[in-house]
Amino acid sequence: MKKRILVFILAITLLLSGCSASSNQVSPISGNTLTDCAGREVPIPENTDRIACLYAYTGHVCVILGCEDNIVAVVNGLKRDQLMQRKIPQIADMACPYNSGSINIEELAAVNPNVVFLRVENLADSGEKEKLDSVGIPYVVVDYVT
């Protein structure tokens, strides 16, 4: 139930975060599918106990929702975040498959996430999108405007 709540809250966050300012509208979850900020229909697996947060914001949301034990991969910014270090002591040892604008797909696949959260900028490079699509891990693009 906690995992469904996480996906629901993230969908609501996407809806309220400003994606609607673009031409791609975010839809609420329909079954186990949601429309992310890139306008993609993303099937969300029933089991979301292994989450890769390749966008620092999504790591904070997971912690706020009490799902910090489900995080298996993070970005360097989360590893350096002192509050995150207190909340998730094992964060220093987590995989960091995103560096300098590029996803290390082998490192990401090695932690076997059920879902990956990433920034819209990650899809600007078609090579990054191809890498993500090649491993078959569901990924949700998150974006917001102030």
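Conventions we followed
Sequence order as written defines residue numbering, which begins from 1 separately in each chain. Thresholds applied to this predicted model are a pLDDT of at least 70 for local features of residues and 80 or more for the giving and counting of side-chain atom pairs; totals over whole chains, interfaces and linings are not thresholded and use all residues. Hydrogens are left out, water is left out, and the side-chain values use all remaining heavy atoms of the structure. For the purposes of this entry, the term helix denotes a DSSP run of H or I that reaches at least four residues, the term strand denotes a run of E that reaches at least two, and both are numbered from the N terminus. Residues count as neighbours in contact if any of their non-hydrogen atoms are within 4.5 Å of one another. With residues, only the protein chains shown are counted as cover, and all accessible areas are computed by Shrake-Rupley using a 1.4 Å probe. Stacked, tilted and edge-to-face are the three classes applied to pairs of Phe, Tyr and Trp rings, where Trp contributes its six-membered ring and a pair requires centres within 6.5 Å; stacked means planes under 30 degrees apart, edge-to-face means over 60, and tilted covers the rest. In this scheme, the term charge over a ring applies when either NZ of a lysine or CZ of an arginine sits within 6 Å of the ring centre and within 35 degrees of the ring normal. For every residue, the predictor states its confidence as a pLDDT score lying anywhere from 0 to 100. The pairing criterion for strands is at least two bridges between them, as found by DSSP. Note on method: axes are straight lines fitted to C-alpha atoms, helices fitted across the in-contact stretch only, with angles between N-to-C directions ranging 0 to 180 degrees. Any Lys or Arg side-chain nitrogen found within 4 Å of a carboxyl oxygen on Asp or Glu counts as a salt bridge. Note on classification: 1.4 Å probe, protein chains only; a residue is buried when its accessible area is under 20% of the maximum for its type, exposed when over 50%, partly exposed between these limits. Orient the strands so they point away from the viewer, and a crossover whose first-strand-to-second-strand path over the helix runs clockwise is right-handed. Polar contact is the term for a pair of N or O atoms within 3.5 Å; when the atoms are in protein, one must be able to donate a hydrogen and the other to accept it, and sequence-neighboring residues count only if both atoms are side-chain atoms.

### Regarding the overall build of the chain
Working step 1: A count of helices and strands for the chain gives 6 helices and 8 strands.
Working step 2: When the helices and strands of the chain are listed from N to C terminus, the series reads α-β-β-β-α-β-α-α-β-β-α-β-α-β.
Working step 3: Expressed as a percentage of contacts within the chain between residues at least 6 apart in sequence, the contacts between residues at least 24 apart total 47%.
Working step 4: When the accessible surface of the chain is summed, it comes to about 7,400 Å², and 52% of that surface belongs to carbon and sulfur atoms.

### Looking at the packing of aromatic side chains
Working step 1: Enumeration according to the criterion identifies 1 aromatic pair in this entry.
Working step 2: Ring geometry for Tyr55 versus Tyr57: centroids 5.9 Å apart, planes at 50°, classification tilted.
Working step 3: Sitting above the plane of the Tyr139 ring, Arg40 keeps its charged end 3.8 Å from the centroid.

### Observations concerning the confidence of the model for the chain
Working step 1: Confidence in the prediction for the chain averages 83 pLDDT; 77% of positions are at 70 or higher.
Working step 2: When the elements of the chain are averaged for pLDDT, helix α1 (residues 2–16) gives the smallest value, 59, and strand β4 (residues 71–73) the largest, 97.
Working step 3: Between residues 15–30, whose pLDDT stays under 50, and residues either more than four places distant or in other chains, the model counts 28 contacts.

### Observations concerning the sheet that holds β4
Working step 1: Judged by pairing direction, the sheet is parallel, and its 4 strands sit side by side in the order β4-β3-β7-β8 without closing on themselves. Of all strands in the sheet, those with a lone pairing partner are β4 and β8 (139–142), marking the two edges. Strand-to-strand, the axes of this sheet are offset by a mean angle of 30°, without reference to chain direction.
Working step 2: Both strand β7 (residues 115–119) and β8 contribute to a ladder of 4 bridges, which runs parallel. In the sheet register, Phe117 faces β8, and the bridge partner there is Val140.
Working step 3: In the packing of helix α2 (residues 56–64) onto the sheet, contacts are made with β3 (51–53), β4, β7 and β8, and the angle to β3 comes to roughly 135°.

### Observations concerning the pattern of salt bridges
Working step 1: Considering all chains together, one arrives at 5 salt bridges under this definition.
Working step 2: A salt bridge links Glu68 to Lys87; its shortest N-O distance comes to 3.7 Å. Linking Glu68 in the loop between α2 and β4 with Lys87 in helix α4 (residues 82–87), this pair joins segments that are 19 residues apart in sequence.
Working step 3: For Glu128, the salt bridge goes to Lys131, with nearest N and O atoms at 2.8 Å. Highlighted residues: Glu128 and Lys131, both in helix α6 (residues 126–135), separated by 3 residues, approximately one helical turn.

### Brief notes about the pairing of β8
Working step 1: Residues Tyr139 and Val141 line one face of β8 and the alternating positions Val140 and Val142 line the opposite face, and both faces are buried.
Working step 2: Following the backbone out of β7, through α6 and into the adjacent parallel β8, one traces a crossover that is right-handed.

### Overview of the environment of Asn47
Working step 1: Relative to the helices and strands, Asn47 is located in the loop between β2 (41–43) and β3.
Working step 2: Residues Asn47 and Val115 lie 68 residues apart in sequence; the distance between their C-alpha atoms is 9.2 Å.
Working step 3: A distance of 3.3 Å separates a polar atom in the side chain of Asn47 from the backbone nitrogen of Asp49.

### What about the environment of Glu46?
Working step 1: In this fold, Glu46 is placed in the loop between β2 and β3.
Working step 2: C-alpha of Glu46 to C-alpha of Asn114: the two residues are 68 residues apart in sequence and 9.1 Å apart in space.
Working step 3: A polar contact is formed between the side chain of Glu46 and the side chain of Asn32, at a distance of 2.4 Å.

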